Amino acid sequence: MPNPTIVLVHGAWADASSWNPVITDLRDRGFEVLAPPNLLRGAAGDGAYVASFVAQRTQGPVVLVGHSYGGAVISAAGLNGGDVRALVYIDAFLPDEGETVFGLLGGSGSALDVPDPTTVLDIVGYPGAPEGDADAYLKPSTVHQFFAQDLSEEARDQIAAGQRPIALAANTTPAPVPAWQSRPVWAVVGTEDRVIPPALQRRMAERADATIVETPSSHVSMLSAPDVATGAIVAAVESIS
């Protein structure tokens, strides 16, 4: 069987460049790597977009990798496009059917689980938004203190300046049947993650029967510890090759 294509799906407040260190490492090892855009509008629709991308842009087996909210997206995409053989979650959500991002974060101790979201987020309207919906950006202070606290100040400033917003509705839309119920799973847990606390990451990963790897990293361990993310992805590839 040929080497799988590795498809990397970014999370909220990011774009495909958040995978750059991992992309470089995987390509240096000879892997085909793709990193499509994530629309950040809702797991079902975003999952359909990624599934369509995988179906049209890949041939042969695929390993889907998701960071943060991208985990909800690959869970939705993995059954609906291409020959997806394994899933890898990096500091990510693994929602079950009917669960929502905000529901999972509730009571978790997340820095985003606060009575007044505007203390950590900037809420901005966008043209054509459904009634009650808006885009959410991280406040710069949230990036520095909670999202990427183990990166350099320059890197944190760049994240704050270039972030892509996520629609509030994406966090309240129930997840469809997840691919992790029927695919092998790996999960990297950042033990210093202040966005998706490690206890919540472990609980989701354990119920998915994931192979779990821990790293003393923030929510963006693919940037602060890219070797750990790469190692988990390579392990997934080797398990199906």
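Residues numbered from 1 in each chain as written. Predicted model: local features only at pLDDT ≥ 70, side-chain atom pairs only at ≥ 80, totals over all residues. Heavy atoms only, no water.

S.K.: Any chance you could explain the environment of Pro-117 here in plain terms?
M.R.: Along the chain, Pro-117 turns up in the loop between α4 (101-105) and β5 (121-124). Pro-117 sits in the partly exposed class, given a relative accessible area of 38%. Spatially, the C-alpha atom of Pro-117 lies 17 Å from that of Pro-197, the residues being 80 residues apart in sequence. (Helix = DSSP H or I, 4+ residues; strand = E, 2+ residues; numbered from the N terminus. Buried < 20%, exposed > 50% of the residue type's maximum accessible area, 1.4 Å probe, protein only.)

S.K.: Explain the sheet that holds β5 here, please?
M.R.: The strands making up a sheet are joined through hydrogen bonds of the backbone, oriented either antiparallel or parallel. Read from one edge of the open sheet, 3 strands run β5-β6-β7, paired in antiparallel fashion. Looking at strand neighbours, the two that pair on one side only are β5 and β7 (166-167), the edges of this open sheet. (Pairing = 2+ DSSP bridges.)

S.K.: Would you take a moment to explain the sheet that holds strand β3 (residues 61-67) for this structure?
M.R.: Strand order in the open sheet formed by 6 strands is β2-β1-β3-β4-β8-β9, with parallel pairing between adjacent strands. With one partner strand each, in any of the chains shown, β2 (33-34) and β9 (211-215) form the two edges of the open sheet. Relative to β2, strand β1 (residues 5-9) runs parallel, the two sharing 2 bridges. Bridged to Val-7 within β2 is Leu-34.

S.K.: Teacher, can you tell me more about the nonpolar core here?
M.R.: The tendency in soluble globular proteins is for nonpolar side chains to be buried as a group. Membership of the largest hydrophobic core comes to 77 residues, with the highest contact counts inside it found for Leu-64 and Tyr-69. A total of 8 residues in this core trace back to one element, the largest contributor, which is helix α9 (residues 226-240). Sequence-distant contacts of Tyr-69, defined by excluding residues within four places in its chain, comprise Gly-11, Ala-12, Asn-38, Leu-40, Arg-41, Gly-42, Ala-43, Asp-46, Phe-93, Val-101, Ile-166 and Ala-170. (Core = buried A, V, L, I, M, F, W, Y, C linked by side-chain atoms within 4.5 Å. Contact = heavy atoms within 4.5 Å.)

S.K.: Help me understand the packing of aromatic side chains in this model?
M.R.: Two numbers describe a pair of aromatic rings. These are the distance of the centres and the angle of the planes. In this structure the tally under the stated criterion is 1 aromatic pair. Ring centres of Trp-13 and Phe-147 lie 6.1 Å apart, and the angle between their planes is 85°; this geometry places the pair in the edge-to-face category. Taken together, the residues span a long stretch of sequence, with Trp-13 in the loop between β1 and α1 (20-28) and Phe-147 in helix α5 (residues 140-147) at a distance of 134 residues. The burial state of Trp-13 is the same as that of Phe-147; both residues are buried. In this structure, Arg-41 is placed above the aromatic ring of Tyr-126, and the distance from its NZ or CZ to the ring centre is 4.6 Å. (Phe/Tyr/Trp six-rings, centres within 6.5 Å; stacked < 30°, edge-to-face > 60°. Lys NZ or Arg CZ within 6 Å of the ring centre and 35° of its normal.)

S.K.: Would you explain helix α7 (residues 198-207) in this entry?
M.R.: Helical periodicity: at 3.6 residues per turn, an α-helix aligns residues three or four positions apart in one direction. Listed in full, the buried residues belonging to α7 are Pro-198, Leu-200, Gln-201, Met-204 and Ala-205. End-on, the buried residues of α7 take up no more than an arc of 160°, which puts them together on one face. Set apart from the buried face of α7 by more than 90 degrees, the exposed residues are Ala-199 and Glu-206. On its buried side, α7 packs onto α4, β8 (185-190) and β9. One or two positions beyond α7, positive phi appears at Asp-209, with a value near 55°. (Arc of directions from axis to C-beta.)

S.K.: Explanation requested: α5 in the structure shown.
M.R.: Buried within α5 we find Thr-142, Val-143, His-144 and Phe-147. Tucked inside the fold, the buried residues of α5 contact β6 (135-138) and α6 (153-162).

S.K.: Sorry if this is basic, but what is going on with the pattern of salt bridges here?
M.R.: Opposite charge on two side chains lets them pair, provided their charged atoms get close. In this structure the tally under the stated criterion is 6 salt bridges. Notably, a salt bridge pairs Asp-135 with Arg-41, separated by 3.2 Å at the nearest N-O pair. A residue pair is termed long-range when its members are at least 10 positions apart, and Asp-135 in strand β6 and Arg-41 in the loop between β2 and α2 (43-57) qualify at 94 residues. (Salt bridge = Lys/Arg side-chain N within 4 Å of Asp/Glu carboxyl O.)

S.K.: Quick question: what am I supposed to make of the environment of Ala-16 here?
M.R.: Looking at where Ala-16 falls in the secondary structure, it is placed in the loop between β1 and α1. What makes Ala-16 partly exposed here is its relative accessible area of 23%. A C-alpha to C-alpha distance of 6.7 Å links Ala-16 and Pro-36, two positions 20 residues apart in sequence. When near neighbours in sequence (up to four residues on either side) are disregarded, Ala-16 contacts His-10, Ile-23 and Ala-35.

S.K.: Got a minute to help me understand the packing of α2 against helix α3 (residues 69-77) in this structure?
M.R.: A pair of packed helices is characterised by two quantities: the angle between their axes and the separation of those axes. Packing of α2 against α3 leaves a shortest axis separation of 7 Å and a crossing angle of 65°. In this view, α2 runs roughly perpendicular relative to α3, as classed from their interaxial angle. Classified by chirality, the crossing of α3 by α2 is right-handed. Contacts from Ala-43, Asp-46, Gly-47, Val-50 and Ala-51 in α2 reach Tyr-69, Ala-72, Val-73, Ala-76 and Ala-77 in α3. A class-by-class count of the residues in the contact of α2 with α3 yields 8 nonpolar, 1 polar and 1 charged. (Axes fitted to C-alpha atoms, helices over the stretch in contact; angles between N-to-C directions. Parallel < 35°, antiparallel > 145°, perpendicular 65-115°, else oblique. Left-handed = near helix turned anticlockwise from the far one by under 90°. Nonpolar A, V, L, I, M, F, W, Y, C, P; charged D, E, K, R; others polar.)

All we've got here are geometric facts, nothing functional implied.
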